[in-house]
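Examining the three-dimensional arrangement
Okay, here's what each chain looks like letter by letter:
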Amino acid sequence: MLPALETAHLSRHYGAVAAAKNVSLSLAAGETLALLGPSGSGKSTVLRMVAGLERPDTGRVSTSGRDVTRLPPEARNLGLVFQDYALFPHLRVLDNVAYGPRRRGAGRAQAEQQAREALALVGLAELTGRRISELSGGQQQRVALARALAPRPPLLLLDEPLSNLDEQLRAHLRAELRSLFGTLGTAVLLVTHDQREALALADQVALMRAGRVVQVGAAARVFGQPATAWVAEFLGQPNVFARGDQAVLVPESAVVLGEGEAHRITFRQPDEHGETVKATHPLGELTLHLSRREAALIGGGTLRLRLDERQLRQVPDDRAGP
Ligand SMILES: Nc1ncnc2c1ncn2[C@@H]1O[C@H](COP(=O)(O)OP(=O)(O)OP(=O)(O)O)[C@@H](O)[C@H]1O
Ligand SMILES: [Mg+2]
């Protein structure tokens, strides 16, 4: 089957800033790809080029095998949700959502039917008559999603769709979105700087840094096997140790406690699971998250441990890069 989305060598400059450099991505039908990266790394720029809101300097965008690089957004058959939702506050929920299908030429009755279906999908069937100004932030977020979903586009583009919400609501909607994507079978390109969101929602993750995709692959693989020291640190791995132009990654599973030499503990902090501790090691200072039982192995300010060499990984140390 043709990919739902393919970008080939997309680049875009703003003056001297290279916002996107040679970005090539492929997204299968029904699959979710998360674009993850620090602020300013080019995530939204890529999304806007896919949406047709921004012209690439070079490169191509195709959806389901059709080259859409030169087409305007409305001719691309996709659903879009931006960070600020851009809803019409004075209109009813139903009219906001029916706006999507209407704009694509559906008659009023058909548009309302599609809008009701989409609102039911996001759990807002009861609120169709409310005005946007009478909804909570999370409800507004779902209306924006329903509006993008109503025309049943094969490709959905979401730019930080949960960013305006508090942590509890985010966690809740994250779970809802996951099952919704599964139900719909829509391909989703999701921009986020939240790793939990990427891990919870995405089949594939593409990591962006300074306009480039530095690693792309199955979410579990990217999180489990970062390709470079920068990626490992960005994804929150604490034990990344420089060795010339390479770095050694020490996953916590490689640390065997209660065996090997005694290492001096330089830091201890209780947390909800047990303790976070730091131990001196020839590689560098190891950060460990111990259970209470493991923490009880610390004696006289030292902890016996050895590293399972097979689990250590050597990767290029690109942390000083652009
Ligand atoms: N319209 C514009 N004019 C000039 N520079 C821009 C414009 N849009 C983006 N940029 C620059 O391009 C780079 C990439 O921006 P982009 O919005 O794609 O980043 P992002 O990864 O989405 O960041 P964030 O997580 O903060 O939303 C940044 O350096 C930004 O300042
Ligand atoms: Mg952005």
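Every chain's residues receive numbers from 1 upward, in the order its sequence appears when written. Here every chain gets a letter starting at A, and every ligand a number starting at 1, in the order they are written. Only residues with pLDDT of at least 70 get local features here, since the model is predicted, and only at 80 or more are side-chain atom pairs given and counted; chain-wide, interface and lining totals rely on the full set of residues.

Description of the overall build of the protein
When helices and strands are tallied, the protein shows nine helices and 17 strands. Its C-alpha atoms put the protein at 75 × 45 × 35 Å along the principal axes. Burial statistics for the protein: of 322 residues in total, 37% are counted as buried. Counting contacts in the protein only where the partners sit at least 6 residues apart, residues at least 24 apart contribute 64% of the total. For helices the rule is a DSSP run of H or I covering at least 4 residues; for strands it is a run of E covering at least 2, with both sets numbered from the N terminus onward. Exposed residues have 12 or fewer other C-beta atoms within 10 Å of their own C-beta, buried residues have 20 or more, and residues in between are partly exposed; the C-beta atoms are placed from the backbone. By definition, residues are in contact whenever their C-beta atoms, placed on the basis of the backbone, come within 7 Å of each other.

Side note on the site of ligand 1
Only the C-beta atom matters for nearness: placed from the backbone, it must lie within 6 Å of the molecule or strand for the residue to count as near. Close to ligand 1 lie Tyr-14, Val-17, Ala-19, Gly-37, Ser-39, Gly-40, Ser-41, Gly-42, Lys-43, Ser-44, Thr-45 and His-193, which account for all nearby residues. Among the elements that take part in the shell around ligand 1, helix H1 (residues 43-51) stands out by supplying three residues, more than any other. Note on residue categories: nonpolar means Ala, Val, Leu, Ile, Met, Phe, Trp, Tyr, Cys or Pro, charged means Asp, Glu, Lys or Arg, and polar means any other residue, Gly included. Residue classes in the shell around ligand 1 are distributed as three nonpolar, eight polar and one charged.

Observations concerning the packing of helix H2 (residues 93-103) against helix H4 (residues 137-149)
The N-to-C vectors of H2 and H4 enclose an angle of 35 degrees; their axes lie 7 Å apart at closest approach. For H2 against H4, the interelement crossing comes out right-handed. Residue-level inspection shows Val-93, Asn-96, Val-97, Tyr-99 and Gly-100 of H2 in contact with H4, the latter providing Val-143, Ala-146, Arg-147 and Ala-148. In terms of residue class, the contact of H2 with H4 is built from six nonpolar, two polar and one charged. Geometry is summarised by axes, namely lines fitted to C-alpha atoms with helices restricted to the contacting stretch, and by angles between N-to-C directions that run from 0 to 180 degrees. Left-handed describes a crossing in which the near helix is turned anticlockwise from the far one by less than a right angle; the clockwise case is right-handed.

Some words on the pairing of strand S2 (residues 17-27)
Any two strands between which DSSP finds at least two bridges are classified as paired. Looking at chain direction, strand S1 (residues 5-14) and S2 are connected through seven bridges and run antiparallel. Looking across to S2, one finds that Arg-12 is bridged to Ala-20. Here S1 folds back onto S2, and the loop between the two strands holds two residues, one of which, Gly-15, carries a positive phi near 55 degrees.

Here we look at unusual backbone geometry
Of note, the phi angle at His-9 is positive, near 55 degrees, even though the residue is not glycine. Residue placement: His-9 occurs in strand S1. Look at His-9 and you get exposed, because 12 C-beta atoms sit within 10 Å. One non-glycine residue, Asn-77, lies in positive phi territory at about 60 degrees. Structurally, Asn-77 can be placed in the loop between strand S5 (66-67) and strand S6 (78-81).

A short note on the nonpolar core
By size, the foremost hydrophobic cluster in this structure holds 80 residues, and its most contacted members are Val-97, Ala-146, Leu-157 and Leu-189. Counting residues per element, this core draws most heavily on H4, at six residues. Setting aside residues up to four positions removed in sequence, Leu-157 forms contacts with Leu-47, Val-50, Ala-51, Leu-78, Gly-79, Leu-80 and Leu-189. Any nonpolar core is a set of buried residues, restricted to Ala, Val, Leu, Ile, Met, Phe, Trp, Tyr and Cys, that join up through C-beta atoms within 7 Å.

Comments concerning the sheet that holds strand S17 (residues 313-316)
Strand order across the open sheet formed by three strands is S11-S12-S17, with antiparallel pairing between neighbours. Of all strands in the sheet, those bounded by a partner on one side alone are strand S11 (240-243) and S17. Shown here is a sheet whose adjacent strand axes are inclined to one another by a mean of 35 degrees, direction ignored. Where strand S12 (residues 246-249) lies against S17, four bridges are found, and the strand directions are antiparallel.

Some points on the sheet that holds strand S15 (residues 286-291)
Within the open sheet, the four strands sit side by side as S15-S14-S13-S16. Their pairing is antiparallel. Both edges of this open sheet fall to S15 and strand S16 (302-307), since each of them pairs with a single strand only. Geometrically, the sheet is characterised by an average inter-axis angle of 50 degrees between neighbouring strands, direction not taken into account. Summarising the sheet, strand S14 (residues 274-279) and S15 pair through six bridges and their orientation is antiparallel. Looking across to S15, one finds that Val-277 is bridged to Leu-288.

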